[in-house]
Amino acid sequence: MAGCELDSLEETLETHLPEAELREVKRILFGKQTEKLDLPACAVDAASERNFELKGYKFEATQEQLRPPRKVRVGLVQNHIVLPTDAPVLDQINAMHSRIGEIVEVAAMCGVNIVCFQETWTMPFAFCTREKEPWTEFAESAEDGNTTHFCQELARKYNMVVVSPILERDEQHSTLWNTAVVISNSGNMLGKTRKNHIPRIGDFNESTYYMEGNTGHTVFQTQFGRIAVNICYGRHHPLNWFMYSMNGAEIIFNPSATVGALSEPMWAIEARNAAIANHCFTCAINRVGTTLLFGFTAHHDFGHFYGSSYVAAPDGSRSPGLSRTRDGLLVVELDLNMNRQISDKWSFKMTGRYAEYAEELSAAVRHDFKPNIVKE
Ligand SMILES: NC(=O)NCCC(=O)O
């Protein structure tokens, strides 16, 4: 354990359970076992030198007769902030760029096609403070900011789609947003998508900084598959996942920033349930560490961000998680053919009564709605 924090749930099970029981516990808890992915020795060495965890797994689909497999490698990155939160803003951003740069280089060695970083990855998650300075100075243009240019270079250099969740400054409308910028492997910006649900819970005072997103449920067609980004708190909203899936998402990323005391028992369930319910893959990413917010008035720390990033498949299985305490890169190979195979098996899209729900929902959101309750 690092300090008083548990490093990893899976490792704890592995340390304490006899082999036969462990196999059965894992089958019940995590579903069909995900095989380990062979990663190149140069990547393993580089990750160890650069002090981050590197894990690789693969989800296999059934071999079909008419379609070749559609294999894609995703990379999920979780990390601490690099400099203390009272360092100059630009130094903090540059330090995050160079940390992410060295992790993405390893992702490239592992053949990653699509990489996604944690929520507002260029900055400390300081939204508990409610103070505007210096946090709003971390906001950048999604189109022309330094961070987008940095990610475009990575995308071009490594032929990789980059999902870059940032604090966005929209100069034209004088607004801030919590936004994921999606950059194609060509290096062109494909587009951006904004956080749809803004938390009003505990210390997550994000509504002080930005409003609910106005970009709907955009899906991005990339060379490696159709992807969507459901940012953090949106994972508590089943209809949010559902709408990305209705728009054709095959992989939904969930870049997050959340702390143990608040959400940890829900973490392993929500993205996994979304993969099952929507016949798609989901990738849950959380930052790590306890951030000290020196000298600020409301709060000096937010609690422990517990990492534990993982990938869930439509058949109900999931990869093991990254550590609760260390920086890490999770490389997972998916066969997107599994989505249709599981859809044909369970048929949730076919058995869903969407027209009925749509009708009842439009009545339920009206101010004069009367719940359908029969009384004696
Ligand atoms: N970043 C964020 O929306 N956090 C809210 C807490 C949670 O969803 O677990």
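So, how was this worked out
- Residues numbered from 1 in each chain as written.
- Predicted model: local features only at pLDDT ≥ 70, side-chain atom pairs only at ≥ 80, totals over all residues.
- UniProt positions renumbered as here; feature names shortened; annotations may be inferred.
- Helix = DSSP H or I, 4+ residues; strand = E, 2+ residues; numbered from the N terminus.
- Expected span 1.5 Å × (residues − 1).
- Buried ≥ 20, exposed ≤ 12 C-beta atoms within 10 Å, placed from the backbone.
- Pairing = 2+ DSSP bridges.
- Contact = placed C-beta atoms within 7 Å.
- Axes fitted to C-alpha atoms, helices over the stretch in contact; angles between N-to-C directions.
- Near = placed C-beta within 6 Å.
- Nonpolar A, V, L, I, M, F, W, Y, C, P; charged D, E, K, R; others polar.
- Domains from an automatic or database assignment.
- pLDDT = per-residue confidence, 0-100.

The name an unreviewed UniProt entry assigns to the chain is Beta-ureidopropionase, from the organism Myripristis murdjan. Quoted straight from UniProt, the Function (unreviewed entry) entry for the chain says "Catalyzes a late step in pyrimidine degradation. Converts N-carbamoyl-beta-alanine (3-ureidopropanoate) into beta-alanine, ammonia and carbon dioxide. Likewise, converts N-carbamoyl-beta-aminoisobutyrate (3-ureidoisobutyrate) into beta-aminoisobutyrate, ammonia and carbon dioxide." As recorded by UniProt, the Subunit (unreviewed entry) comment attached to the chain reads in full: "Homodimer, homotetramer, homooctamer; can also form higher homooligomers."

1. Some words on helix H2 (residues 19-30)
Between its terminal C-alpha atoms H2 stretches 16 Å, which fits the 16 Å expected from 12 residues at 1.5 Å a residue. Little of H2 sits inside the fold, with one of its 12 residues counted as buried. Of the residues one or two after H2, Gly 31 is the one with positive phi, at around 80°.

2. Remarks on the pairing of strand S6 (residues 175-183)
Counting buried positions along S6 gives seven out of nine residues, so the element sits mostly inside the fold. Bridge analysis of strand S5 (residues 161-170) against S6 gives nine bridges, and the strand direction is antiparallel. Each bridged residue has a counterpart across the sheet, and for Pro 165 the counterpart in S6 is Ala 180. Linkage of S5 to S6, two consecutive antiparallel strands, is achieved through a turn of four residues, within which Ser 174 is found at a positive phi near 50°. Hairpin connection of S6 to strand S7 (residues 189-194): five residues between the antiparallel strands, including Gly 187 at a positive phi of 100°.

3. Some points on the sheet that holds strand S4 (residues 114-116)
An order of S1-S2-S15-S3-S4-S5-S6-S7 is seen for the eight strands of this open sheet, with the pairing classed as mixed. Because the sheet does not close on itself, it has two edges, and the strands there are strand S1 (35-36) and S7. Of the pairings in the sheet, the one linking S1 to strand S2 (residues 53-58) comprises two bridges and is antiparallel in character. Bridge pairing links Lys 36 to Tyr 57 in S2. The strands touched by helix H4 (residues 89-109) within the sheet are S2, strand S3 (71-78), S4 and strand S15 (328-335), with S15 carrying the most contacts at an inclination of about 35°.

4. Describing the site of the ligand
Near the ligand, the surroundings consist of Glu 119, Pro 199, Phe 204, Cys 232, Tyr 233, Ser 256, Ala 257, Thr 258, Leu 262 and Ser 263. Per-class residue counts for the shell around the ligand are six nonpolar, three polar and one charged.

5. A short note on the domain arrangement of the chain
When cut into domains, the chain gives domain 1 (1-30) and domain 2 (34-364). The gap between the C-alpha centroids of domain 1 and domain 2 is 25 Å. With eight residues of domain 1 at the interface, the matching set in domain 2 holds eight residues. Looking at the side of domain 1 that touches domain 2 residue by residue, the classes come out as four nonpolar, one polar and three charged.

6. With respect to the confidence of the model for the chain
In low-pLDDT segments, the atomic positions of the prediction should not be examined closely. Taken over all residues, the pLDDT of the chain has a mean of 96, while the share at 70 or more is 98%. Listed scores for the predicted complex are pTM 0.97 and ipTM 0.99.

7. Describing the sheet that holds strand S14 (residues 310-312)
One open sheet holds the five strands; their spatial order is S8-S9-S10-S11-S14, and the pairing between them is mixed. Every interior strand has two partners, whereas the edge strands, strand S8 (220-222) and S14, have only one. Between one strand and the next, the sheet's axes are offset by a mean angle of 25°, whatever the strand orientation. Pairing of strand S11 (residues 281-286) with S14 involves three bridges; the strand directions are antiparallel. Within S14, the position partnered with Ala 284 by the bridge is Tyr 310.

8. Section: the pairing of S7
Of all six residues in S7, five are buried; the element is thus mostly enclosed. Bridge analysis of S6 against S7 gives five bridges, and the strand direction is antiparallel. From the neighbouring strand, Ala 180 faces S7, where its bridge partner is Thr 193.

9. Details of unusual backbone geometry
Of the consecutive residues Glu 133 and Pro 134, the connecting peptide bond is found in the cis state with omega at 0°. Within the secondary structure, Pro 134 is located in the loop between S4 and helix H5 (146-158). With a phi angle near 50°, Ser 174 is a residue other than glycine that sits in the positive phi range. Phi angles above zero are rare outside glycine, and Cys 232 is one such case at about 30°. On the secondary structure map, Cys 232 appears in the loop between strand S9 (225-229) and helix H6 (238-246). Residue classification places Cys 232 among the buried positions, given that 27 C-beta atoms sit within 10 Å.

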